[in-house]
Each structure stands twice: as structure tokens, then as C-alpha cells.
Amino acid sequence: MGKSRRQFLTVTSAGLICAAASHSNFAQTPEPQQNLTPGAPPTLADRPLVGPDISPTTVREAEKLVQVKMADTEVDVAASSWRRNMAPLYERRNGPRRVELEPALAPATKWNPLLPDMKEVAVRDRFIRGTANPGPLPRERR
């Protein structure tokens, strides 16, 4: 036989104690929620602060527009949590940065079949009535 029961218990107990001690030394620290996997859905209240601060007065004015009545405590909570909970949704829709494009800028999907070294030929599209007699119209069959 290889080992006695007593030796087995001694070795396994010592191994478990070492594993538990080393686990506490190399404990993983959770990453901040801002470094989520791209495309992962956000969880509640872990988004960065976005947009301007709003006051309870702003929420009261919004109540009139939406035709909703909220309690005073609900208005305070909505005003204090707007930047973390709701503003990122609007930023995702509108984009964090907007670029103004000049009105004269050509569209990105303009298609031109001419090769770069060819010149465009000016074409006049006019209707010119012909002078030739086409003959009589066909007779109607009954």
C-alpha cells in the first residue's frame, strides 16, 4: 500500500490550508463597471454621469408636458438620478459628439460612372420634331 490514512489526511489538510491562504493573498478585485464588454447591456446606475444637472423645478415642468403627477420625494429622486440613469440613453441616441457638416459638402454615396481620366461630355436633352411623314394611322378592327 502507498500511504496510510493518517498521512493522506495530513497531506490533504496541509494542501487545503495552503490553498486557502494563497487565495486571500491573490484575491481578485472587481473591475469598475465602466470597463464592460462592448455590446453588453448596461446595468442600473453604473453608467457615467452625462449631461447637465437638472433641478426638481425642471422635473415639475416636465410633469406638465407629459401629464404625469409625481410625489415630492419622487421628483427629488428623479432630479438627482437623471444624469446617471436617463441622460446616457439620450446620449446613446443622439451621440456624444455632433459634427456640423457644411451644406456644400458632397454626399458620401455619390456614384459617378466616369473613370478619373475621362472628361464629361455635355449632352443637350431636347425634343426635336421630325419632318418625315409617318403615314396614315392604322384602322380600327371591329
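Model, not experiment: these values are computed from the prediction.

## Quick notes on the overall build of the chain
Right, so step 1: Per the secondary structure count, the chain includes 4 helices and 0 strands.
Right, so step 2: Taken from the N to the C terminus, the helices and strands of the chain come in the order α-α-α-α.
Right, so step 3: Per-residue burial for the chain yields a buried fraction of 7% across its 142 residues.

## So, the pattern of salt bridges
Right, so step 1: According to the stated counting rule, one finds 4 salt bridges in the structure shown.
Right, so step 2: The partner of Arg83 in a salt bridge is Asp53, and the shortest N-O contact between them spans 3.2 Å. Within this pair, whereas Arg83 is found in helix 3 (residues 72-85), its partner Asp53 is found in the loop between helix 1 (5-25) and helix 2 (56-66), the two being separated by 30 residues in sequence.
Right, so step 3: Residue Glu63 is joined to Arg60 by a salt bridge in which the shortest nitrogen-to-oxygen separation is 3.0 Å. Of this pair, Glu63 and Arg60 both sit in helix 2, 3 residues apart, roughly one helical turn.

## Overview of the side chain of Glu63
Right, so step 1: On the basis of relative accessible area, Glu63 is assigned to the buried category, the value being 9%.
Right, so step 2: Not counting residues within four places of it along the chain, the set of residues in contact with Glu63 comprises Val68, Lys69, Met70 and Val75.

## Some words on the packing of helix 2 against helix 3
Right, so step 1: Interhelical geometry of helix 2 versus helix 3 gives an angle of 110° and a closest axis separation of 8 Å. Judged by the angle between their axes, helix 2 and helix 3 are roughly perpendicular. The two elements helix 2 and helix 3 meet at a crossing, and its hand is right-handed. Of the residues in helix 3, those in contact with Pro56, Val59, Arg60 and Glu63 of helix 2 are Asp72, Val75, Asp76, Ala78 and Ala79.
Right, so step 2: Residue classes in the contact of helix 2 with helix 3 are distributed as 5 nonpolar, no polar and 4 charged.

## Section: a nonpolar patch on the surface
Right, so step 1: On the surface, Leu65, Val66 and Val68 cluster together to form a nonpolar patch covering roughly 330 Å² of accessible area.
Right, so step 2: Turning to its location among the elements, Val66 is positioned in helix 2.

## Here's the deal with the confidence of the model for the chain
Right, so step 1: Averaged over every residue, the pLDDT of the chain is 77; residues scoring 70 or more account for 77%.
Right, so step 2: Mean pLDDT values over the elements of the chain span from 68, in helix 1, up to 91, in helix 2.

## Section: unusual backbone geometry
Negative phi characterises most residues that are not glycine, and trans characterises most peptide bonds.
Right, so step 1: Even without being glycine, Gln67 reaches a positive phi, approximately 60°.
Right, so step 2: Relative to the helices and strands, Gln67 is located in the loop between helix 2 and helix 3.

What counts, and at which threshold
Residues numbered from 1 in each chain as written. Predicted model: local features only at pLDDT ≥ 70, side-chain atom pairs only at ≥ 80, totals over all residues. Heavy atoms only, no water. Helix = DSSP H or I, 4+ residues; strand = E, 2+ residues; numbered from the N terminus. Buried < 20%, exposed > 50% of the residue type's maximum accessible area, 1.4 Å probe, protein only. Salt bridge = Lys/Arg side-chain N within 4 Å of Asp/Glu carboxyl O. Contact = heavy atoms within 4.5 Å. Axes fitted to C-alpha atoms, helices over the stretch in contact; angles between N-to-C directions. Parallel < 35°, antiparallel > 145°, perpendicular 65-115°, else oblique. Left-handed = near helix turned anticlockwise from the far one by under 90°. Nonpolar A, V, L, I, M, F, W, Y, C, P; charged D, E, K, R; others polar. Patch = residues over 30% accessible without salt bridge, like charges linked within 9 Å, V, L, I, M, F, W, Y side chains within 5 Å. Areas by Shrake-Rupley, 256 points an atom, 1.4 Å probe, with all protein chains shown as cover. pLDDT = per-residue confidence, 0-100.

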